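These are the residues of each chain, in order.
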Amino acid sequence: MSGVIVVRGEDNYESRFQCRWQVKETIVDAPGTTSWQFVDVFFKEVTKSPQPSWRNTKDYSLFVELSANEQQRIDFRSVAALRFVLDCLSAAADEHGSVARLVVPQSPGYIVRSDIIPLRLLDCLPVASTVSLSKVHQYFDGKPVSLETMQQLPDTLAAAAGGMILKPASSIGISTLDSLLDTLDIELRNRLSFPWISTQVPRRKTLAIVDGGISSPDHGGTGVSIYAAAAALGIDMVVFDNPGHWIEGPRYAHWRKAFIPLEVKLHPDADFASKIVEAVRLYEGQIDGIVSFRDHFKVPVAEAALRLGLPTYPPSAYAIATDKFKTSVSEGHHAYRASSFEQAINIVQEHHLEFPLIIKPTNGFLSEGVFRVEDIPQLETGIQSINADRHGKEFVIEKYCEGPEVDANFVLCDGQVVFFEASDDFPKGADVNGQSNVRTFIELANVLPSKLPEDELTMLRDSLSQSLLRVGFWDGFYHLEARVENSSMEYAMKDNILDLTERSVPAKGAPSAWLIEINPRPPGIQASEAVKHTYGIDYWGLGLLFPLNDKDRVKQLSHTFAHGPQYWCEMVFIPVEKGGVYESEDACAELFERRPDLAACVSKSFCFLKRGDRVKDPSTGVNSWVAYFNVFSRKSRAHLLEISELIRREVRFSIA
């Protein structure tokens, strides 16, 4: 079946496009998953005209050609649908035309997240671009579509949850269009075989957030991740933060329902919970839940939630998780707390502690103030280097575990692990086998999925989940850092590439988990984006659902791809190695312009510095990055590490 679309625009622009389509049978997978139907639409430009910009949808009108002398205007019902069709027509100017696919749900119910199709198709190899055609909480009747004439195209678009435009087959090494569509069929079954349509009637809710985000999107903050997820989930955000916060202004007003001024300090006062309660009660609208993604605020926000009768987890659990000394004691570590060198040396001598030791602030962040010390002089130097203004005076002393480090992320519901993944946190500059010029514990590289043996990953999952339960957490999202003591693996150089390999000398005992810290929140922007692209799971979205006690959607949105991670991914961190003034432009953009071949291997990147920014030297106790790159490879982990190392060598910037 086919037809002709006529496009008319300003300055007497007119162009004609041949359009044909095919409706495929319903895809039904395992019970409990959502079934769907595909509609493939093929566009080909018939009359050549100067290519317009296609930017403003208001400048163009589309018509169906009924005969040589008769045309009927197309009403697309939504701007998103019209924009999608215009994008298809723009791509059709290519000699091979363009191909689009629509996904029509065949399970009746409500979409669990309006952008679920674009979310699950991130970096899908055959796909050039995606669009959500769903409204928040939209109901789909599950009826098959029937596209027999061009006039029915708006109805088909209205019935679709989302759409995509495909890459030319030859651009990804596929010889025929049929093979391209077959590849896409496989990809979509891998990515959409989970329950993304729900029979439960949703209700729009309002969530209060204490601390709207430290940094704006212009400075690499998590704002886009948090507020875009809230919009797609149908959650209205009421932000409580300091007057003048970046989200208070008009630029980001669409991200929030309201902004409530509240004094928010890095180290909150003892009565902070009472101030939160007062501010929430003064707000005239309904509040269904409250959350903060700042570790320092977890305890007072939980206390406020209890007083307000809102969903929360025990403040006592947060008190342990956000205090590294209490966390270590909870784990049974021989940990000690001190606030001066004199106290520290007495502890070392009294308890006959053996070096190397780790010292770290009890309430630290960004791995600042963390030192591996080999003797008494290094102990004194490390303590003097802790930035007390940022982290306080108290610090923890405990043994240094040399095993490979992992980042372990957990989704817990009713005490059960709903989702778990671990990534390899490569040695830092201050580790025994560190390779960096910066002798701190700032992150340098993190690779997912982990290369640790399956039995060690299972041990980590079981041991660390029990740690969470023991602390008092039965539900929620948790980002843990741990090492594997007596692992069968160790880091070693091979062909100038550092990676995990089997130990050269057998371990002295059985592998065990050594918990470093519990972060009761999603990881930073680099890791959360890496997981979203690699596994198809948005941690920030889950973090917004838990304080609303929406565990049904948490479970639905915690399904990874049917075949597991879609590729190997490395977070490449470019640290600040010395203080001074940043004299370059965007380091990521400069690299991509010079090396487009490397840009094709990066799913996400950001340069944190702008020309003229003054950065502190690591010796001041402040850790920071110039930029990060989330690098991927579909070939192998070894190939990934090679690309990542090349990016490190090729990044250019100047700090003077």
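Coordinates for the structure precede this section.
So, here is what we can say about the structure in this document. Computed from a predicted structure; not experimentally measured.

## Re the overall build of the protein chain
Point 1. Secondary structure summary: the protein chain contains 19 helices and 31 strands in total.
Point 2. For a compact globule of 656 residues, the expected C-alpha radius of gyration is about 26 Å, and the protein chain comes in at 27 Å, within 12% of that figure.
Point 3. Along the three orthogonal principal directions, the C-alpha set of the protein chain runs to about 95 × 60 × 50 Å.
Point 4. For the protein chain, contacts bridging at least 24 residues in sequence account for 73% of all contacts bridging at least 6.
Point 5. By element, 49% of the accessible surface of the protein chain is carried by carbon and sulfur atoms, the whole surface being about 27,800 Å².

## Details of the nonpolar core
The nonpolar side chains of a soluble globular protein tend to be buried with one another.
Point 1. Counting residues in each nonpolar core, the largest one holds 134 residues, and the members touching the most others are W196 and F629.
Point 2. Setting aside residues no more than four positions away along its own chain, W196 makes contact with T34, W36, V103, P105, Y110, I111, V112, I116, I117 and A161.

## A closer look at the layout of surface pockets
Point 1. Approximately 770 Å³ is the volume attributed to the second largest pocket.
Point 2. Grouping the amino acids of the lining of the second largest pocket by side-chain chemistry returns 15 nonpolar, 8 polar and 12 charged.

## As for helix α9 (residues 324–331)
Point 1. Looking only at α9, the buried set comprises K324, F325, T327, S328 and E331. Seen along its axis, α9 keeps its buried residues to an arc of 160°; they face one direction.
Point 2. Positive backbone phi, at 85°, marks G332, one or two positions downstream of α9.

## Let's talk about the state of the cysteines
Point 1. By the definition in use, this model includes 0 disulfides.
Point 2. Between C569, a cysteine without a disulfide, and C601, which holds the nearest cysteine sulfur, the sulfur-to-sulfur distance is 12 Å.

## Some words on the sheet that holds strand β7 (residues 109–111)
Point 1. Within the open sheet, the 3 strands sit side by side as β9-β7-β11. Their pairing is antiparallel. Bordering the open sheet on either side are β9 (139–140) and β11 (197–198), each of which pairs with just one other strand.
Point 2. The sheet contact formed by β7 and β11 spans 2 bridges and is antiparallel. Within β11, the position partnered with I111 by the bridge is I197.

## So, the packing of aromatic side chains
Point 1. A full pass over the atoms with the stated rule returns 24 aromatic pairs.
Point 2. Here F473 and Y478 contribute two aromatic rings whose centre-to-centre distance is 4.6 Å and whose plane-to-plane angle is 35°, an arrangement assigned as tilted. Like Y478, F473 is buried.
Point 3. A cation over an aromatic ring shows up here: R372 above the ring of Y400, its NZ or CZ 5.6 Å from the ring centre.

## Let's talk about the environment of H334
Point 1. With respect to the element layout, H334 can be found in the loop between α9 and β16 (336–338).
Point 2. What makes H334 exposed here is its relative accessible area of 65%.
Point 3. Linking H334 and K265, residues 69 residues apart in sequence, is a C-alpha distance of 32 Å.
Point 4. Apart from the residues within four sequence positions on either side, H334 is in contact with I397 and E398.

## With respect to the sheet that holds strand β31 (residues 625–633)
Point 1. The strand order β26-β23-β20-β21-β22-β27-β31-β29 describes an open sheet built from 8 strands, whose pairing is antiparallel. On the outer flanks of this sheet lie β26 (512–519) and β29 (602–607), each paired with one strand and no other. Pairs of neighbouring strands in the sheet enclose a mean axial angle of 25°, with direction left out of account.
Point 2. Across 8 bridges, strand β27 (residues 568–575) lies against β31 in antiparallel orientation. Looking across to β31, one finds that E570 is bridged to V631.

## Points about the side chain of S584
Point 1. Of note, S584 is situated in the loop between β28 (580–581) and α17 (587–594).
Point 2. For S584, the side chain forms a polar contact with the main-chain nitrogen of S654, separated by 2.8 Å.
Point 3. In this structure S584 touches K610, R611, F653 and S654, once residues within four positions along its chain are discounted.

## Observations regarding the pairing of strand β17 (residues 357–361)
Point 1. With 5 of its 5 residues buried, β17 lies for the most part within the structure.
Point 2. Of the two faces of β17, the one lined by L357, I359 and P361 and the one lined by I358 and K360 are each fully buried.
Point 3. When β17 meets strand β18 (residues 371–373), the two strands line up antiparallel, connected through 3 bridges. Residue pairing in the sheet places L357 in a bridge with V373 of β18.
Point 4. Pairing of β17 with strand β19 (residues 395–399), which is carried by 5 bridges, proceeds in the antiparallel orientation. Across the sheet, the residue bridging to I358 is E398, located in β19.

## Description of empty space enclosed by the protein
Point 1. Tallied over the full model, the rule gives 6 cavities of 30 Å³ or more.
Point 2. Roughly 250 Å³ of internal volume is contained in the largest cavity.
Point 3. If you go around the largest cavity, you meet 21 residues; those closest to its centre are V291, K298, Y313, Y318 and P547.
Point 4. Put simply, the parts of the chain that give the lining of the largest cavity at least two residues each are β15 (289–291), α7 (298–308) and β23 (476–485).
Point 5. The element that contributes the greatest number of residues to the lining of the largest cavity is α7, accounting for 4 residues.

## Here's the deal with the side chain of D288
Point 1. With respect to the helices, strands and loops of the structure, D288 is situated in the loop between α6 (272–282) and β15.
Point 2. D288 gets classed as buried once you look at its relative accessible area, which sits at 14%.
Point 3. One polar contact links D288 to R203, side chain to side chain, over a distance of 3.5 Å.
Point 4. A distance of 3.2 Å separates the side chain of D288 from the side chain of Q286, its partner in a polar contact.

## A closer look at the pattern of salt bridges
Point 1. Scanning the entire structure with this criterion turns up 44 salt bridges.
Point 2. We note a salt bridge from R294 to D211, for which the minimum N-O separation is 3.5 Å. With R294 in the loop between β15 and α7 and D211 in the loop between β12 (205–210) and α5 (223–233), this residue pair connects regions lying 83 residues apart in the sequence.
Point 3. Residue class for D211 comes out buried when judged on its relative accessible area of 8%.
Point 4. In this structure, R637 engages D424 in a salt bridge whose closest nitrogen and oxygen atoms are separated by 3.0 Å. Of this pair, R637 sits in helix α19 (residues 637–650) while D424 sits in strand β21 (residues 416–425), placing them 213 residues apart in sequence.
Point 5. We classify R637 as buried; its relative accessible area is 8%.

Basis of the calculations
In this convention, every chain numbers its residues from 1, walking through the sequence in written order. It should be noted that, the model being predicted, local features are given only for residues of pLDDT at least 70 and side-chain atom pairs only at 80 or more, the latter also being counted only at that level, while totals for whole chains, interfaces and linings use all residues. The basis for every side-chain value is the complete set of heavy atoms in the structure, and neither hydrogens nor water enter the calculation. Where helices and strands are cited, they refer to DSSP runs of H or I of at least four residues and of E of at least two residues respectively, numbered from the N terminus. Two things to know: the radius of gyration comes from C-alpha atoms, and the globule rule equals 2.2 Å times the number of residues to the power 0.38. Contacts were defined at the residue level, with two residues in contact if any of their heavy atoms lie within 4.5 Å. The accessible surface values rely on the Shrake-Rupley method and a 1.4 Å probe; as for residues, cover is taken only from the protein chains in view. The criterion is simple. A nonpolar core is a set of buried Ala, Val, Leu, Ile, Met, Phe, Trp, Tyr and Cys residues joined through side-chain atoms within 4.5 Å. For every residue, the accessible area (1.4 Å probe, protein chains only) is compared with the maximum for its type, and the residue is labelled buried under 20%, exposed over 50%, or partly exposed between those bounds. Cavities and pockets were defined on a 1 Å grid built from protein atoms only: a cavity is a group of points that admits a 1.4 Å probe but offers it no way out, a pocket is an open group of points flanked by protein on both sides within 12 Å along at least five of seven lines, and a lining residue is one with an atom within 4 Å of any such point. Grid points are joined across faces, edges and corners, and a volume is the space filled by probe spheres set on the points. Under the scheme applied, nonpolar residues are Ala, Val, Leu, Ile, Met, Phe, Trp, Tyr, Cys and Pro; charged residues are Asp, Glu, Lys and Arg; polar residues are all the others, including Gly. Directions are taken from the helix axis to each C-beta atom, and the arc is the one they span. Disulfide assignment relies on a single distance test, namely cysteine sulfur atoms paired within 2.5 Å. A pair of strands is labelled paired if DSSP reports no fewer than 2 bridges between them. Each Phe, Tyr or Trp ring, with Trp reduced to its six-membered ring, pairs with another whose centre is within 6.5 Å; inter-plane angles below 30 degrees give stacked pairs, above 60 give edge-to-face pairs, and intermediate values give tilted ones. For a ring to carry a charge above it, either NZ of a lysine or CZ of an arginine must fall within 6 Å of the ring centroid while also lying within 35 degrees of the normal to the ring plane. Axis definition: a line fit to C-alpha positions, over the contact stretch in the case of helices; interaxial angles, taken between N-to-C directions, run 0 to 180 degrees. Think of a polar contact as two N or O atoms within 3.5 Å of one another; within protein, one of them needs to be a possible hydrogen donor and the other a possible acceptor, and neighboring residues in sequence only count if both atoms come from side chains. We define a salt bridge as a side-chain nitrogen of Lys or Arg found within 4 Å of a carboxyl oxygen belonging to Asp or Glu.

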